[in-house]
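Residue-level structure breakdown
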Amino acid sequence: MRVLVVEDEVRLAENIARALREAPGYAVDVASDGDEALAMCWTGAYDLIVLDLMLPKRPGEEVLAQLRAARNSTPVMILTAVSNTSKTIALLNVGADDYLTKPFDLGELIARCRALIRRGKGSGEPVMKFGPIEMHTAEQRVLKGGLPVELSPTEYRILEYLMHRPRVVVSKRELLEHLYDFTWEHHSNVIEAHMSNLRKKLRSFPHDQDVLTTLRGRGYRLTQP
Ligand code: CA
């Protein structure tokens, strides 16, 4: 999953980015003003936007309004400096998905971000299931047929993305854009190795039919054997 953090207070932006990279293992880009945020939204494939309201050049409210006017439906978590109920309700009405009042607990931000991403992908449950695979997103545990599967952080992120889009062919580019930050193109040559390892780990027996299939030149797909 890839998150855009829009926050002009450098230390806070760094702390949020670090927390999102560490715990759920998201790829994170940071924008420090409203114009930069919009430019990045038009080019990047984000699964969530964490948006501060008081920003240089263009306020967060306007960034949100422009996104929704352009029919961009990426979930947006608002960060607001003062508890201002009427303003917050107004923002929820124009398309914000959740909000936190500063100062907030980073753990709470992470938990809410996870929930927003799940809901944004149409799955509100903290445990995702597909065929024999179970993914416990809070504990970052994966089970296949009830038995634990040990995945590397990258393998976990790949599977998490695919679990949100079961049976759909996901192109290599789409996967790269959602797994990595703006440096995604540099990771293009290693994704196949990660895929191959993940596919092997999801097999209970060497001759099992694969849950994860590669469609040459098109991408990858989770299928129920
Ligand atoms: Ca600010």
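Residues numbered from 1 in each chain as written. Predicted model: local features only at pLDDT ≥ 70, side-chain atom pairs only at ≥ 80, totals over all residues. Heavy atoms only, no water.

**Comments concerning the packing of aromatic side chains**
Our working definition: Each aromatic pair joins two rings of Phe, Tyr and Trp (for Trp, the six-membered one) with centres within 6.5 Å, and gets the label stacked for planes under 30 degrees apart, edge-to-face for over 60, and tilted for any other angle. Throughout this description, the term charge over a ring refers to an Arg CZ or Lys NZ atom that lies within 6 Å of the ring centre and within 35 degrees of the ring normal.
Tallied over the entire structure, the rule returns zero aromatic pairs. Positioned above the aromatic ring of tyrosine 180 is the side chain of arginine 157, whose terminal nitrogen or guanidinium carbon lies 5.5 Å from the ring centre.

**Description of empty space enclosed by the protein**
Quick reminder of the rule: Residues are called lining when one of their atoms sits within 4 Å of a cavity or pocket point, these points coming from a 1 Å grid over the protein atoms alone, where a cavity is a set in which a 1.4 Å probe fits but cannot get out and a pocket is an open set with protein on both sides within 12 Å along at least five of seven lines. Grid points are joined across faces, edges and corners, and a volume is the space filled by probe spheres set on the points. Counting from the N terminus, the helices are the DSSP runs of H or I reaching at least four residues and the strands are the DSSP runs of E reaching at least two. Each residue gets one label: Ala, Val, Leu, Ile, Met, Phe, Trp, Tyr, Cys and Pro are nonpolar, Asp, Glu, Lys and Arg are charged, and the others, such as Gly, are polar. Note that the domain bounds reflect an automated or database-derived domain assignment.
Taken as a whole and assessed by the stated rule, the structure comprises one cavity of 30 Å³ or more. Approximately 40 Å³ is the volume attributed to the largest cavity. What lines the largest cavity is Tyr26, Arg114, Ile117, Arg118, Thr137, Glu160 and His164. It is helix α5 (residues 106-120) that contributes the most residues to the lining of the largest cavity, three residues altogether. Its residues placed into classes, the lining of the largest cavity shows two nonpolar, two polar and three charged. Summarising the domain contributions, the lining of the largest cavity has at least three residues from each of domain 1 (2-120) and domain 2 (127-222).

**Re the packing of helix α7 (residues 172-179) against helix α8 (residues 191-201)**
Note the threshold: Axis definition: a line fit to C-alpha positions, over the contact stretch in the case of helices; interaxial angles, taken between N-to-C directions, run 0 to 180 degrees. Roughly parallel means an angle under 35 degrees; roughly antiparallel, over 145; roughly perpendicular, 65 to 115; everything else is oblique. Contacts are assigned to residue pairs with any non-hydrogen atoms lying within 4.5 Å of each other.
It is at 12 Å that the axes of α7 and α8 come closest, and there the two elements cross at 95°. It follows from the interaxial angle that α7 and α8 lie roughly perpendicular. Only Ile191, Glu192 and Met195 of α8 make contact with α7, whose side of the interface consists of Lys172, Leu175, Leu176 and Leu179.

**Details of the sheet that holds strand β6 (residues 127-130)**
Stated formally: Here, strands pair whenever DSSP counts at least two bridges between them.
An order of β6-β7-β8-β9 is seen for the four strands of this open sheet, with the pairing classed as antiparallel. Only two strands of the sheet have a single neighbouring strand rather than two, namely β6 and β9 (147-149). Neighbour to neighbour, the strand axes of the sheet diverge by 25° on average, direction disregarded. Relative to strand β7 (residues 133-136), β6 is paired through four bridges, and the arrangement is antiparallel. If you follow methionine 128 over to β7, its bridge partner there is methionine 135.

**A word on the domain arrangement of the protein chain**
Our working rule: Computed with a 1.4 Å rolling probe, the buried area is the accessible surface lost when two parts are put together, summed over both parts. Here, a salt bridge means any side-chain nitrogen of Lys or Arg that lies within 4 Å of a carboxyl oxygen of Asp or Glu. Side-chain atoms alone can form a polar contact between residues adjacent in sequence; in general such a contact is a pair of N or O atoms within 3.5 Å, and within protein one must be able to donate a hydrogen while the other accepts it.
Along its sequence, the protein chain is organised into domain 1 (2-120) and domain 2 (127-222). Spacing between the C-alpha centres of domain 1 and domain 2 amounts to 27 Å. Note on domain 1 versus domain 2: buried area summed over both sides is about 1100 Å², and carbon and sulfur give 42% of it. If you look at where domain 1 meets domain 2, you find zero salt bridges. Summed over the shared surface of domain 1 and domain 2, the result is seven residue pairs in polar contact (both at pLDDT 80 or more).

**Section: the nonpolar core**
Selection rule: Nonpolar cores are built from buried Ala, Val, Leu, Ile, Met, Phe, Trp, Tyr and Cys residues. Side-chain atoms within 4.5 Å join them into one set. Residue exposure (1.4 Å probe, protein chains only): buried if accessible area is under 20% of the type maximum, exposed if over 50%, otherwise partly exposed.
Ranked by internal contacts, the top residues of the largest apolar core, which has 47 residues, are Leu20, Leu159 and Leu175. Sort the elements by how many residues they give to this core and helix α6 (residues 153-163) lands first, with six residues. With 19 residues, the next largest nonpolar core counts Leu4, Cys41, Leu55 and Ile78 among its residues.

**Details of α8**
How we decide: Our arc is simply the arc of the directions from the helix axis toward the C-beta atoms.
Looking at α8, one finds that the buried residues are Ile191, His194, Met195, Leu198 and Arg199. In a view along the axis of α8, the buried residues occupy a sector of 135°, so they form one face of it. Along its buried surface, α8 packs onto α6, α7, β10 (212-215) and β11 (219-222).

**Some remarks on the coordination of the calcium ion**
Our working rule: Nitrogen, oxygen and sulfur within 2.8 Å of a metal are treated as its donors, or within 3.2 Å for sodium, potassium and calcium (Na, K, Ca); water is not counted, so a site can appear incomplete.
Each protein donor to the calcium ion is listed here as Asp8 (OD), Asp52 (OD) and Met54 (O); together their distances run 2.1 to 2.3 Å. Along the chain, the residues donating to the calcium ion fall in the pattern D-x43-D-x1-M. Placement of aspartate 8 in the loop between β1 (2-6) and α1 (10-22) and of aspartate 52 in strand β3 (residues 48-52) is noted, with a sequence separation of 44 residues between them. For aspartate 52, a relative accessible area of 2% corresponds to the buried category.

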